[in-house]
Amino acid sequence: MTKGRKPVKRKLTTKFSVHKFEPLDYGRAMTVASSAQKEIPPGMIDLGIGQPTPRLLPNEAIARAAADCSRRPGRMLLAYGAEQGDAQFRTALARFLGAVYSAPVDPAGLMVTNGASQGIDLVCTLFSQAGDTIFVEEPTYFLARKIFADHRLKPVALPMDSDGLLIDAVEEELKRSRPAFLYTIPTYHNPTSVCLSGARREQLAGLSRRHDLLVVADEVYHPLAYTAVPPPPLAASCTSARIISLGSFSKILAPGLRLGWLQAAPETVARIVQCGLLDSGGGVNPFTSGVVRSALELGLAEENLRLLKDTYSRRMQAMCAALRRRLPASVRFTDPAGGFFVWLALPENMDTGDLLAKAIARNVEFMPGIKFSSREGLKNCLRLSFAYYETPELLEGVERLAGVIAVD
Ligand SMILES: Cc1ncc(COP(=O)(O)O)c(C=O)c1O
């Protein structure tokens with residue numbers, strides 16, 4: 001059996017609470033899921049929501065893909081699936097990723113997951129034990145922090161700058177502690193949208209080789225590039241260094257599919273597919289991956305990605321222009337080149353936790369920086385997202401936010 005795997009009995013919980021929400025101009029209440037885990041009152045513009053606009057969820061494409069899939073002979077999609085995921089799905093996925101990454105992807109190095117969240121959880125289960133140290137970026141994806149806490153892991157937060165994680169700081173920290181793994185979001189980071197430079201990606205791969213450091217690269221935003229082509233994903237180095245790359249259809253097709261993948265060296269994939277979870281239940285999501293295989297083969301996933309990139313890119317530019325127009329010059333941010341988020345740094349003496357109550361009174365919300373910190377820092381920062389709202393609502397949200405920040 002896999003070394004280091006601990007028996008974990010965990011209660012199934014959902015990532016999001018479902019609540020009623022009435023966005024501006026949408027005309028009627030609709031049900032959405034919020035990462036904020038709370039009820040959002042009508043009229044509120046929650047710029048903290050990092051999820052696609054319901055209008056962008058591809059109902060028609062998925063219906064066409066499901067119809068195509070149902071015409072395939074055999075009934076195997078309704079049987080237990082291969083642990084690694086269906087081979088033909090992985091072939092279609094490899095072709096899609098090859099185009100996104102502009103480099104060939106080997107289907108043998110791909111494994112189907114229930115989404116990047118499950119990929120993170122699986123890596124924790126198989127490659128760490130309670131009490132282990134892990135390295136994370138400061139800031140990092142706030143819900144990954146929760147998964148690490150579930151596994152009783154101890155995060156050591158490492159600094160980033162405008163070129164991403166400081167690899168020299170990782171090397172320095174390796175002199176003091178030996179982590180089970182490093183968790184990084186190299187491309188269009190959540191929450192900062194920063195992109196790790198090409199030189200640092202190479203430096204990180206070299207470090208992984210030299211120190212036998214397992215790097216878990218959460219690359220879910222890599223395909224959502226707007227204004228520049230990102231450097232090659234860390235996935236491209238997964239056969240030459242100890243890297244597990246996580247990807248997901250949540251950001252590029254629909255989060256409700258609960259379908260993602262991990263990419264790693266074939267021997268690492270071989271180790272993962274032997275885990276008890278897959279031994280008992282078979283590969284995850286064979287039915288959904290059958291449908292998404294059709295979406296890939298029919299070009300629907302590619303078409304959807306083009307639409308998302310075009311829509312998000314226009315929204316991002318409108319939002320950043322409004323932020324520049326309306327916020328004081330003391331508020332710093334960089335226009336993201338991809339992804340979902342704009343990360344604002346307010347003057348050091350400001351606390352975005354306090355500001356949030358004032359913002360809510362003006363019907364606008366955001367994610368305070370402290371949520372993304374592993375050391376209770378980043379109190380002067382906040383995260384906005386342009387993924388959920390249409391441009392007019394984003395502009396109204398910025399207007400309200402400007403009122404709150406100007407007051408202070
Ligand atoms: C960095 C990052 N990783 C993982 C996820 C979750 O992905 P999935 O829906 O595939 O579990 C998100 C979504 O917010 C994210 O921002």
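You'll find the structure just up there.
Residues numbered from 1 in each chain as written. Predicted model: local features only at pLDDT ≥ 70, side-chain atom pairs only at ≥ 80, totals over all residues. Heavy atoms only, no water.

Peer 1: Can you walk me through the environment of M316 in this structure?
Peer 2: Summarising the element assignment, M316 is placed in helix α10 (residues 300–326). In this structure M316 touches Y226, T227, D335, P336 and F386, once residues within four positions along its chain are discounted. (Helix = DSSP H or I, 4+ residues; strand = E, 2+ residues; numbered from the N terminus. Contact = heavy atoms within 4.5 Å.)

Peer 1: Would you take a moment to explain the pattern of salt bridges for this structure?
Peer 2: When charged atoms on two side chains of opposite charge get close, those side chains can pair. Under the criterion given, the structure shown has 14 salt bridges. A salt bridge links E171 to R210; the nearest nitrogen and oxygen atoms lie 3.1 Å apart. Within this pair, whereas E171 is found in helix α5 (residues 167–174), its partner R210 is found in helix α6 (residues 198–211), the two being separated by 39 residues in sequence. The class of E171 is partly exposed, set by a relative accessible area of 26%. Note on R210: relative accessible area 56%, which makes it exposed. Here the salt bridges do not stand alone but share partners, grouping R55, R315 and E390 into one network. (Salt bridge = Lys/Arg side-chain N within 4 Å of Asp/Glu carboxyl O. Buried < 20%, exposed > 50% of the residue type's maximum accessible area, 1.4 Å probe, protein only.)

Peer 1: I'm lost on the packing of aromatic side chains in this one. Help?
Peer 2: Geometry of an aromatic ring pair is reported as the spacing of the ring centres plus the angle between the planes. For the structure on display, the rule yields 14 aromatic pairs. Here the aromatic rings of Y221 and F341 are separated by 5.6 Å at their centres, their planes lie at 75°, and the arrangement is edge-to-face. Separated by 120 residues along the polypeptide, Y221 in the loop between β9 (215–218) and β10 (243–248) and F341 in strand β12 (residues 341–345) bring together distant segments of the chain. For Y221, a relative accessible area of 3% gives the class buried. Residues F340 and F341 carry aromatic rings whose centres are separated by 5.9 Å and whose planes lie at 70° to one another, so their mutual orientation is edge-to-face. Judged by relative accessible area, which is 0%, F340 ranks as buried. Clustering of aromatic rings is evident, with ring pairs tying together F89, F96, F249 and W261. (Phe/Tyr/Trp six-rings, centres within 6.5 Å; stacked < 30°, edge-to-face > 60°.)

Peer 1: Where do I start with the nonpolar core in this structure?
Peer 2: Membership of the largest hydrophobic core comes to 104 residues, with the highest contact counts inside it found for F148, F181, Y183, F249, L344 and L384. Examining the composition of this core, we find that nine residues originate from one element, α10, more than from any other. L158, L174, L182 and L196 belong to the second-largest nonpolar core, a separate cluster that totals 18 residues. (Core = buried A, V, L, I, M, F, W, Y, C linked by side-chain atoms within 4.5 Å.)

Peer 1: Help me understand helix α11 (residues 352–361) in this model?
Peer 2: Residue pairs three or four apart in sequence face the same way in an α-helix, which turns once every 3.6 residues. Considered for burial, the residues of α11 that qualify are T352, L355, L356 and A359. Down the axis of α11, the smallest arc covering the buried residues is 115°, so these residues share one side. Across α11 from its buried face, at more than 90 degrees, point the exposed residues D354, A357 and A361. Looking at where α11 begins, the residue whose side-chain oxygen comes 2.7 Å from the main-chain nitrogen of G353 is D351. Note on α11: the residue one or two positions beyond its end, N363, has a positive phi of about 60°. (Arc of directions from axis to C-beta. Polar contact = N/O pair within 3.5 Å; in protein donor to acceptor, adjacent residues only side chain to side chain.)

Peer 1: Quick question: what am I supposed to make of the site of the ligand here?
Peer 2: Within the structure, the ligand sits among 14 residues, and S117, D218, Y221, S248 and K251 are positioned closest to it. A distance of 2.6 Å is found between an oxygen atom of the ligand and a side-chain nitrogen or oxygen belonging to S250. A distance of 2.9 Å is found between an oxygen atom of the ligand and a side-chain nitrogen or oxygen belonging to R258. Burial of the ligand by the protein amounts to 96% of the accessible area it has alone, namely 400 Å². A per-class count over the shell around the ligand returns five nonpolar, five polar and four charged. (Near = heavy atom within 4 Å. Areas by Shrake-Rupley, 256 points an atom, 1.4 Å probe, with all protein chains shown as cover. Nonpolar A, V, L, I, M, F, W, Y, C, P; charged D, E, K, R; others polar.)

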